[in-house]
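A look at the structure
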Amino acid sequence: VELLQQVEFAPLIAPVLANRLGGIETPEDVLRADLLHLGDSTDWRCWMHAAGLPQSAADKGVEFSDMNLVYAATLAGQGVSMGDVLIGNAAMEAGQLIRVGDVRITSPDAYYLCTPPQKADLASALAFRDWIIAALPQRKRQTGQ
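Read on for an overview of the structure. A quick note: this is a predicted structure, and the numbers were derived from the prediction, not measured. (Residues numbered from 1 in each chain as written. Predicted model: local features only at pLDDT ≥ 70, side-chain atom pairs only at ≥ 80, totals over all residues. Heavy atoms only, no water.)

With that out of the way, let us pick up the overall build of the protein. Within the protein, the secondary structure is distributed over six helices and six strands. The order of helices and strands in the protein, counted from the N terminus, is β-α-β-α-β-α-β-α-β-β-α-α. Viewed in the frame of its principal axes, the protein has a C-alpha envelope of about 50 × 25 × 25 Å. Of all intrachain contacts in the protein linking residues separated by at least 6 positions in sequence, the fraction that spans at least 24 positions is 71%. For the protein, the exposed area adds up to about 8200 Å²; of that, 54% sits on carbon and sulfur atoms. (Helix = DSSP H or I, 4+ residues; strand = E, 2+ residues; numbered from the N terminus. Contact = heavy atoms within 4.5 Å. Areas by Shrake-Rupley, 256 points an atom, 1.4 Å probe, with all protein chains shown as cover.)

What follows is about the pairing of strand 1 (residues 2-13). Within a regular strand, side chains alternate between the sheet's two faces. As defined by bridge partners, strand 1 adjoins strand 6 (residues 105-113) across six bridges and the pair is classed as antiparallel. The residue of strand 6 that forms the bridge with Glu-2 is Leu-113. Note: strand 1 against strand 4 (residues 80-84), four bridges, orientation antiparallel. By the bridge assignment, Phe-9 is partnered in strand 4 with Asp-84. (Pairing = 2+ DSSP bridges.)

Now for the environment of Val-62. Within the secondary structure, Val-62 is located in strand 3 (residues 62-64). Classification of Val-62 as partly exposed rests on a relative accessible area of 40%. Leaving out residues up to four positions away in the same chain, Val-62 has contacts with Leu-35, Leu-36 and His-37. (Buried < 20%, exposed > 50% of the residue type's maximum accessible area, 1.4 Å probe, protein only.)

With that out of the way, let us pick up the nonpolar core. Residues Ile-13, Ile-24, Val-30, Trp-44, Trp-47, Met-48 and Val-80 are the most contacted members of the largest nonpolar core, which totals 19 residues. Elements with a contribution of two residues or more to this core: helix 1 (15-20), helix 2 (42-51) and strand 4. The greatest single-element share of this core, amounting to four residues, is contributed by helix 2. Counting seven residues, the second largest nonpolar core, distinct from the first, contains Leu-12, Val-85, Ala-91 and Met-92. (Core = buried A, V, L, I, M, F, W, Y, C linked by side-chain atoms within 4.5 Å.)

Turning our eyes to something else, we now look at the layout of surface pockets. Looking at the largest pocket, its volume works out to about 220 Å³. Around the largest pocket, the lining is made up of 13 residues, and of these Phe-9, Leu-38, Asp-43, Met-82 and Ser-107 lie nearest the centre. Listing elements by their share of the lining of the largest pocket, those giving two or more residues are helix 2, helix 3 (67-75), strand 4 and strand 6. Here the lining of the largest pocket is composed, by residue class, of eight nonpolar, three polar and two charged. (1 Å grid on protein atoms, 1.4 Å probe; cavity = no way out; pocket = protein on both sides within 12 Å on 5 of 7 lines; lining within 4 Å. Points joined across faces, edges and corners; volume = space filled by probe spheres on them. Nonpolar A, V, L, I, M, F, W, Y, C, P; charged D, E, K, R; others polar.)

Next up, the structure:
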């Protein structure tokens, strides 16, 4: 078992909504938008605390039961979601989403690569490991690729 990357969350917004709000760059700007929640407001409360904002502000917005619905609503400009930075990276690179500010929260969850011991030395397993590590956005930034 090898740790690939910690899960980090940050507010994500569609450019169309950011424009409609007259720009959104600082943590305080998030308060002008509807918040999109997965299940409850726990992640937003943690982020509000880390950003120095009132945690009670996390209770507004729409609650979804599925992360795919949260991302679809975010992409459609219906609000700001607390998104997984790794999962949202492709949409950010494509200009479909913008990360608001630099405040991130770290989840107790992480992404791991699990390889059965009897297959750990196989050329195909090693090639896959090398490929997935090289493909991770954070690893690319660290190595300058």
